[in-house]
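Structure at a glance
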Amino acid sequence: AGSLTERANHGSAVWPMTSVHSARYQQFLQRLRAARVESGLTQVEVARRLRKPQSFVSKCESGERRVDAIEFADLAKLYGKPMETLVEGAGRAGGR
């Protein structure tokens, strides 16, 4: 019959976000959120500019929703950040 969590999600198990996404993706999400905060924008303002609901921004930042390449480009532009600075780990020399 499955666990209560599985039944509530129509048979698909729900796992903690830390096990769904790699450490590298989690770091990307942290940089993405930091870029938004540094740009002085709230989730509501970002959502309005993207013509999306605020929950879209929240879910992207929390890892509940995966950010695709086009959305990533739009967010980086909106935050005034080069995409490379949001993807590369701070400790990686030369970015390669």
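Residues numbered from 1 in each chain as written. Predicted model: local features only at pLDDT ≥ 70, side-chain atom pairs only at ≥ 80, totals over all residues. Heavy atoms only, no water.

With that settled, the discussion passes to the confidence of the model for the chain. Scored by pLDDT, the chain has a mean of 82; 71% of the residues are at 70 or more. For the stretch residues 15–19, pLDDT sits under 50, and the model shows six contacts to residues farther than four places along the chain or on other chains. Per-residue pLDDT stays below 50 along residues 90–96; that stretch engages in three contacts with residues further than four places along the chain or on separate chains. (pLDDT = per-residue confidence, 0-100. Contact = heavy atoms within 4.5 Å.)

What follows concerns the environment of Gln26. Here Gln26 shows up in helix H3 (residues 23–38). Distance in space between the C-alpha atoms of Gln26 and Ser62 is 8.8 Å, their sequence separation being 36 residues. (Helix = DSSP H or I, 4+ residues; strand = E, 2+ residues; numbered from the N terminus.)

Looking now at the nonpolar core. Core analysis: the biggest nonpolar cluster contains 17 residues, and Phe28, Leu32, Val46, Val67, Leu75, Tyr79 and Leu86 have the highest contact counts within it. Those elements that place two or more of their residues in this core are H3, helix H4 (43–50), helix H5 (54–62) and helix H6 (69–79). With five residues, the top contributor of residues to this core is H3. Other than its neighbours up to four places away in sequence, Leu32 contacts Val67, Leu75, Tyr79 and Leu86. (Core = buried A, V, L, I, M, F, W, Y, C linked by side-chain atoms within 4.5 Å. Buried < 20%, exposed > 50% of the residue type's maximum accessible area, 1.4 Å probe, protein only.)

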